[in-house]
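Observations on chain architecture
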Amino acid sequence: MFEVAEYIGIIAFAMSGFFVAVRSRLDLLGVLISVFLTAFGGGIIRDVLAERTPYVFTHAAPGLMVLGIMILMIVLKFHKRESVENRLLFIISDSIGLVSFSIAGALVAMHHELNLTGVLVMAFVTAVGGGITRDVIINEVPFVFKTGFYGTVALLVAIVLYGLDWFDILNFYTTSFLFAGGVLLRIVAYQKKWSIPLR
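Residues numbered from 1 in each chain as written. Predicted model: local features only at pLDDT ≥ 70, side-chain atom pairs only at ≥ 80, totals over all residues. Heavy atoms only, no water.

1. Here's the deal with empty space enclosed by the protein
Going by this rule: Here a cavity denotes a set of grid points, spaced 1 Å apart and computed over the protein atoms alone, in which a 1.4 Å probe fits but from which it cannot get out, and a pocket denotes an open set meeting protein on both sides within 12 Å along at least five of seven lines; residues with an atom within 4 Å of a point are reported as lining. Grid points are joined across faces, edges and corners, and a volume is the space filled by probe spheres set on the points. Strands are runs of DSSP state E lasting at least two residues, helices are runs of H or I lasting at least four, and both sets are numbered from the N terminus onward.
Under the criterion given, the structure shown has two cavities of 30 Å³ or more. Taken together, 21 residues form the lining of the largest cavity, with G131, R134, D135, F143 and Y150 sitting closest to its centre. Put simply, the parts of the chain that give the lining of the largest cavity at least two residues each are α1 (2-23), α5 (88-111) and α6 (116-137). The element contributing the most residues to the lining of the largest cavity is α6, with six residues. Of the voids in this model, the second largest cavity is the one considered here, and its volume is about 60 Å³. Along its surface, the second largest cavity is lined by E6, I10, A39, F40, G43, I44, R46, D47, P54, Y55, V56 and F101. Elements supplying a minimum of two residues to the lining of the second largest cavity: α1, α2 (28-49) and α3 (55-58). No other element matches α2, which puts six residues into the lining of the second largest cavity.

Here you go:
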């Protein structure tokens, strides 16, 4: 389940990183950095916290996949389209990446027998770490700090996954339902502009 969630997240966040780079009018090197940071940043931070060699450094497929996606999106001329970040494809890819990496981070934490706090931190860092790093580098306020329900979805997914494991019903099917529900929740929250008010 970890590898499935990891690869889905990598693909989805590579697309998301491409859209953000295009919006920021970065050159080819900037696009490459944005794509790789978004796709791998959170997972690298997670693996360092878990004291293991980052997954992307021990497997060739993730890097090739991200490079292939970037080339494909350039060939399809997504970089020529206006306001791509507000289009449905960006929202869907970003939501899929968020939930997939939340699940992957939580699974790593549970594999290392961390408590609920550890599961929440690992899920959150995996889901938003790459995006935060990317936004800081391109001098923007990180996306997770501007939309209240973004990071919240990652935490909710982690809590439910921890509960499924606690009740010993964590399997491919329950995880798939959680994935679908998390993506739907994020898309609805985006469309309805849900947020958590400060007061």
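Having seen it, we continue.
2. Overview of the nonpolar core
Where we set the bar: Buried Ala, Val, Leu, Ile, Met, Phe, Trp, Tyr and Cys residues that are joined via side-chain atoms within 4.5 Å together make up what is termed a nonpolar core. Partly exposed residues are those whose accessible area sits between 20% and 50% of the maximum for their type, while under 20% is buried and over 50% is exposed, using a 1.4 Å probe and protein chains only. In what follows, residue pairs with any heavy atoms lying within 4.5 Å of each other are defined as contacts.
Residues F18, V35, V66, M73, L98, I103 and L161 are the most contacted members of the largest nonpolar core, which totals 52 residues. It is α5 that provides the largest number of residues to this core, a total of 12 residues. Residues in contact with V35, not counting those within four places in the same chain, are A14, G17, F18, V66 and M70.

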